[in-house]
Amino acid sequence: MNSTAQPYAIMAEFDTPADAMHAAEQIRDAGFRRWDVHTPYPVHGMDAAMGLKNSKVGYFTFLGGLIGYTSGMLMIWFMNMYDYAIVVGGKPLFNPLFSFPVSYECTILLASFASLGGMLFLNGLPKHYHPLLKNPRFKAGASHDKFLIAIECADPRYSPTETRKLLEAAGSKHIEMVED
Amino acid sequence: MKLLFPIARKFLAVVIMAVSFTALALSLTSNVFAAESHAEPAAQATSAAVDHGASATHDEVPVSAVKQFAYSYLVAFMFFLSLVLGSLFLVIIHHLFDSNWSVPIRRFLEHIACLSFPWMAILFVPIAVLAKTIYPWMSLDPAEDHALHAKAALFNMPAFYVVSSVLFLLWGWLSHGLRRESLAQDKTGAASHTKAMRRYAAGGIFIFAFSMTLAAIYWVKALEHQWFSTMYGVYYFAGSVWTTLATAYVITYWLKQTGPLRDVARERQFHDIGVLLLAFTVFYAYIHFSQYFLIWNAAVPEETFWYVKREKGSWWGIGLVIVFGHFLVPFLSLLRIDAKKNISLMAPIAIWAWLMHYCDMQFNIMPVIHPNGVAIGIFDVLCFAGIGWLLFTLFKNSFAAHPPYPQKDPRWAETLGVYVPATGAHAASHGGGK
């Protein structure tokens, strides 16, 4: 159907997490940017091997928490002072003390929403299509017993011959091109 | 000897259970009695608070040197007891959670915990001797003071001395038991020692909870025996473990720099202590807020007088320092993951934590004799420095006398992330596990 398919990435298959990790270190040191490692389970140390920095989700969490806390306080302040002002137990109409538990819950609620939303946003999810997912070898290995590295052809460092050599030198036993 | 051990152990277990349940029963019944009688102590407490408030703006009642010394000593004692019990707690949870990250830091925590007996017990002697000067309830007649009468089950002279002694014995038994097994494992490497430590920890956590609560009630909360707060024990606990974690961070860093822990204390240890420190920053704030919030919301005079007293003079400022300095500043500083691994931030935070915990101890103890505000004197400095120096020297000696970290703990491979290939028959059943 798609006879003029463009190459999307070069994909290398490794048998052990150690092989994939060493290959990732070499790719990181070669200066590639648009690439990823796909493993059936989280491999400890892979973040450092790939040169990934700390996740930015924390900023979304903090911002969500801050908004949650402020909006909780403002909500209670508005309701108790103006919307339905009623004296209970001789207490002031508004006080941050009794508003704190609810504001604190709002903090946690919005912080968790922001974490989830931020994670999806940073990952570019939801995504309806990804070229790797129609590759039979990827489908068979990535969620079972193989460790796969895919370097996108759009990476400025990519070269059809040199990149293949790099992956071969890193110890991959099977390398193939993935079409878009 | 061998035959005696299981019997002695069972006997001890029974005694401990009995003590725990008696303590629980006593605290419950004293609460029931207290609930029946609300009018009288309330009236007394409020009138006392109001009187104090009126006179506080004028001259403060002069405090005798002996009394000032006793209170300064109590503040310093409770501060360092925090570190000792906090360390005991960290050793206990290490075994309870079967954690591997804390193996490198466990030994020095064991040493600090072992200071509880005999050294903290010896340091308690001045408090025991000066008890009548420190605790006003000891000079009152329960027949004339309703609050004291209602709490007489715990607040009587024999109970004070017996419980205080038993607390030190329990802490000594626990901490020395844990360290003895740990040191024995250094030689044999047998897993049976880990199992023995686990048993100490499993029973010990209950003993720890009851004993630390009793210590906080008897030695600090009893300064104002009319007061009620069901979370006072956990309040002292939260502040204690917080301070201990900050201290443990710096000790770990120091021991890594100077050598003993150079190869075993790694990023993970600092990260995990930092994470726990952040958790306890929040936990302390949660507990202290809850205590204040419940008292504020209920507005019962038997309870509010405690905070009313602490809003007078510069105690108001210390209260705010605790809100912002004990919680907000460390909380915001510790949020980022890289902050927890950065010694140039963590060292100031540890010093800050000591200062905040000291403020907290002052805030709990000193308003009784200094209702007008903070009054730090030479006794405060001398007691703090004296107890601190003594305990530090003792710690240094015991650290030097033993291996700096558990030598043959079965968890080492996991701790350092080393892959150990399975061998023999064991491999057949476990080889494919990971």
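Residues numbered from 1 in each chain as written. Chains lettered and ligands numbered in written order. Predicted model: local features only at pLDDT ≥ 70, side-chain atom pairs only at ≥ 80, totals over all residues. Heavy atoms only, no water.

Novice: Can you walk me through unusual backbone geometry in this structure?
Specialist: Across the chain, the bulk of peptide bonds are trans and the bulk of non-glycine residues have phi less than zero. The omega angle of the peptide bond from Leu125 of chain A to Pro126 of chain A is -5°, so this bond is cis rather than trans. Checked against the element boundaries, Pro126 of chain A lands in the loop between α4 (96–122) and α5 (136–141). Put simply, Phe117 of chain B and Pro118 of chain B share a cis peptide bond, and its omega is 0°. One non-glycine residue, Asp98 of chain B, adopts positive backbone phi at about 55°. Position of Asp98 of chain B among the secondary structure elements: in the loop between α3 (65–96) and α4 (103–114). Classification of Asp98 of chain B by relative accessible area gives partly exposed; the value is 31%. The phi dihedral of Ala299 of chain B falls on the positive side, at around 55°, and the residue is not glycine. As for its position among the elements, Ala299 of chain B is in the loop between α12 (267–298) and α13 (301–309). (Helix = DSSP H or I, 4+ residues; strand = E, 2+ residues; numbered from the N terminus. Buried < 20%, exposed > 50% of the residue type's maximum accessible area, 1.4 Å probe, protein only.)

Novice: Sorry, what's going on with the interface of chain A and chain B here?
Specialist: Where interface size is given, it is often the accessible area lost as the parts come together that is meant. Residue-level contacts link ten residues of chain A with ten residues of chain B. Here chain A and chain B share an interface that buries about 890 Å² over both sides, 77% of which is from carbon and sulfur atoms. When the buried area of chain A at its contact with chain B is split by residue, Phe62, Lys91 and Leu97 of chain A rank highest and sum to 52% of it. Summed over the shared surface of chain A and chain B, the number is zero salt bridges. At the boundary of chain A with chain B, the tally comes to three residue pairs in polar contact (both at pLDDT 80 or more). Counting residues per element, the ones that place at least two in the side of chain A that touches chain B are α3 (57–83) and α4 of chain A. If one sorts the elements of the side of chain A that touches chain B by residue count, α4 of chain A sits on top with four residues. Of the residues belonging to the side of chain A that touches chain B, the class tally is seven nonpolar, two polar and one charged. (Contact = heavy atoms within 4.5 Å. Buried area = accessible area lost by both parts, 1.4 Å probe. Salt bridge = Lys/Arg side-chain N within 4 Å of Asp/Glu carboxyl O. Polar contact = N/O pair within 3.5 Å; in protein donor to acceptor, adjacent residues only side chain to side chain. Nonpolar A, V, L, I, M, F, W, Y, C, P; charged D, E, K, R; others polar.)

Novice: Please clarify how the domain arrangement of chain A should be interpreted in this entry.
Specialist: For chain A, the assigned domains read domain 1 (7–54 + 131–179) and domain 2 (57–123). Relative placement of domain 1 of chain A and domain 2 of chain A: their C-alpha centres are 44 Å apart. (Domains from an automatic or database assignment.)

Novice: Please clarify how the nonpolar core should be interpreted in this entry.
Specialist: In summary, soluble globular proteins display a tendency toward joint burial of nonpolar side chains. Residues Phe77, Met78, Phe108, Tyr135 and Trp219 of chain B are the most contacted members of the largest nonpolar core, which totals 119 residues. Sort the elements by how many residues they give to this core and α3 of chain B lands first, with 20 residues. Discounting chain neighbours no more than four positions away, the residues touching Tyr135 of chain B are Leu74, Ile127, Phe160, Tyr218, Trp219, Ala222 and Leu223 of chain B. Among the nonpolar cores identified, the runner-up in size contains 21 residues, and Ile10, Ala12, Ile149 and Ile151 of chain A belong to it. (Core = buried A, V, L, I, M, F, W, Y, C linked by side-chain atoms within 4.5 Å.)

Novice: Would you explain the packing of α3 of chain B against helix α11 (residues 232–258) of chain B in this entry?
Specialist: Each pair of packed helices can be described by the angle between their axes along with the distance between the axes. All names here are of chain B. At a minimum axis distance of 8 Å, the contact between α3 and α11 shows a crossing angle of 80°. Of the possible angle classes, the one that applies to α3 and α11 is roughly perpendicular. Residue-level inspection shows Met78, Phe79, Leu81, Ser82, Leu83, Gly86, Ser87, Phe89 and Leu90 of α3 in contact with α11, the latter providing Tyr236, Phe237, Ser240, Val241, Thr243, Thr244, Leu245 and Thr247. When grouped by side-chain class, the residues that make up the contact of α3 with α11 number ten nonpolar, seven polar and no charged. (Axes fitted to C-alpha atoms, helices over the stretch in contact; angles between N-to-C directions. Parallel < 35°, antiparallel > 145°, perpendicular 65-115°, else oblique.)

Novice: How do you make sense of the side chain of Thr281 of chain B when you look at a structure like this?
Specialist: Residues and elements named next belong to chain B. Tracing the backbone shows Thr281 in helix α12. Overall, the relative accessible area of 0% leaves Thr281 in the buried class. Only 2.8 Å separates the side chain of Thr281 from the side chain of Trp242, close enough to count as a polar contact.

Novice: Just checking my understanding: could you explain the pattern of salt bridges for this structure?
Specialist: As a working rule, side chains carrying opposite charge can pair if their charged atoms are close by. Residues and elements named next belong to chain B. Counting across every chain of the model gives 17 salt bridges over all chains. Between Glu110 and Arg106 there is a salt bridge, and its shortest N-O distance comes to 3.0 Å. Here the residue Glu110 and the residue Arg106 both occupy positions in helix α4, the gap between them amounting to four residues, near one helical turn. The pair Glu110 / Arg106 is uniform in exposure class, with both members buried. Of the charged contacts, one joins Arg411 and Glu414 as a salt bridge, the two residues approaching to 2.3 Å between their closest N and O atoms. Within this structure, Arg106, Arg107, Glu110, Asp186 and Asp409 form a network of salt bridges that share partners.

Novice: Whenever I open this one, the packing of α3 of chain B against α4 of chain B confuses me. Can you help?
Specialist: All names here are of chain B. Contact geometry for α3 and α4: axes closest at 8 Å, N-to-C directions at 140°. Taken as axis vectors, α3 and α4 run oblique relative to one another. Between α3 and α4 lies a crossing whose hand is left-handed. Facing Leu83, Val84, Ser87, Leu88, Leu90, Val91, His94 and His95 of α3, the residues of α4 in contact are Val103, Arg106, Leu109, Glu110, Ile112 and Ala113. Here the contact of α3 with α4 is built from residues that sort into nine nonpolar, three polar and two charged. (Left-handed = near helix turned anticlockwise from the far one by under 90°.)

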